[in-house]
Amino acid sequence: MAKTSLTIVVLFTIISTGFTYADKVFTFCPDNWLSYEGSCYYFHHTKTSFVEAEHSCQNLESNLVHVNNVQERDFLRDHLNHQLPVAYWWMGLSDDDIEGQFRWTDNQPLTFTDWFPGEPNNANGVEDCAMFDHNHNFKWNDVACNQQYFSICELKSESQGAGSLVG
Ligand code: MMA
Ligand code: CA
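Residues numbered from 1 in each chain as written. Chains lettered and ligands numbered in written order. Predicted model: local features only at pLDDT ≥ 70, side-chain atom pairs only at ≥ 80, totals over all residues.

A. Broad picture of the overall build of the chain. Within the chain, the regular secondary structure consists of three helices and ten strands. The helix and strand sequence of the chain, counted from the amino end, reads α-β-β-β-β-α-β-α-β-β-β-β-β. For the chain, the residues scored as buried account for 30% of the 167 residues in total. A fraction of 64% describes how many contacts in the chain between residues 6 or more apart in sequence connect residues 24 or more apart. (Helix = DSSP H or I, 4+ residues; strand = E, 2+ residues; numbered from the N terminus. Buried ≥ 20, exposed ≤ 12 C-beta atoms within 10 Å, placed from the backbone. Contact = placed C-beta atoms within 7 Å.)

See below:
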């Protein structure tokens, strides 16, 4: 009986969150979400403002994507290169609160950036939201938050501390 309970707990944990094998994190993602290194990603083919994009992600228990490192940047860029039509895409980064202080919408610290040279430039004093710029190999540019762009949501697994269950 105890063994059965343990098996059920172990299986439930694996099914709901994923598992680690050979230093890689495997995550089970909902239909139409891509799995990569413990996160799930949804490429939203509807153009909206930054705030609407973040709300759409939050309705799916996620946030606009937070890019943590060059590997995640390369993963996203590979997929964006295969998306049609070619487009600009929102990520979860803005300095809407305090000009010049960019913050991720998942409230995790900013430790990696991939701005196009000269960005962020807050052109005309009206640019507070970051996007992937297809004109510059998807490097980042700050633009006006009311621009209408496609967006990428990221759902983190529990082990990464986002507090929401993936599966
Ligand atoms: C330029 C450059 C960017 C800015 C956009 C706004 C084409 O790029 O100044 O930094 O965000 O214009 O359209
Ligand atoms: Ca800019």
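B. Quick peek at unusual backbone geometry. For the bond from Glu 119 to Pro 120, the omega torsion is -5 degrees, close enough to zero to count as cis. Within the fold, Pro 120 resides in the loop between strand E7 (103-104) and strand E8 (129-133). Even without a glycine there, the phi angle at Asn 107 is positive, about 65 degrees. The class for Asn 107 is exposed, based on 10 C-beta atoms found within 10 Å. The phi angle at Asn 124 is positive, at roughly 55 degrees, despite the residue not being glycine. Looking at the secondary structure, you find Asn 124 in the loop between E7 and E8.

C. Spatial organisation of the nonpolar core. With 29 residues, the main nonpolar core has Leu 64, Trp 90, Met 91, Met 131 and Ile 152 as its most contacted residues. At the level of elements, strand E4 (39-48), helix H2 (50-59), strand E6 (89-94), E8, strand E9 (139-143) and strand E10 (149-156) are the ones that each hand at least two residues to this core. Top element by residues in this core is E10. It accounts for five residues. The contacts of Met 131, once residues within four sequence positions are left out, are Tyr 88, Trp 89, Trp 90, Met 91, Asn 141, Val 143 and Tyr 149. (Core = buried A, V, L, I, M, F, W, Y, C linked by C-beta atoms within 7 Å.)

D. Highlighting the site of ligand 1. In the vicinity of ligand 1, the residues found are Glu 119, Asn 121, Ala 123, Glu 127, Asn 141 and Val 143. Taken together, the residues of the shell around ligand 1 break down into two nonpolar, two polar and two charged. (Near = placed C-beta within 6 Å. Nonpolar A, V, L, I, M, F, W, Y, C, P; charged D, E, K, R; others polar.)

E. Spotlight on H2. The set of residues buried in H2 consists of Phe 50, Ala 53, Glu 54 and Cys 57. Projected down its long axis, H2 carries its buried residues within an arc of 95 degrees, all on one side. Away from the buried face of H2 by more than 90 degrees, exposed residues His 55 and Asn 59 are located. In this structure, the buried side of H2 is in contact with E4, strand E5 (63-64), E6, E8 and E10. Positive backbone phi, approximately 60 degrees, marks Glu 61, located one or two places after H2. (Arc of directions from axis to C-beta.)

F. Spatial organisation of the environment of Trp 33. Position of Trp 33 relative to the elements: it lies in the loop between strand E2 (24-26) and strand E3 (34-36). Sequence-wise, Trp 33 and Cys 153 are 120 residues apart; in three dimensions their C-alpha atoms are separated by 9.1 Å. In this structure Trp 33 touches Cys 40, Tyr 41, Tyr 42 and Leu 155, once residues within four positions along its chain are discounted.

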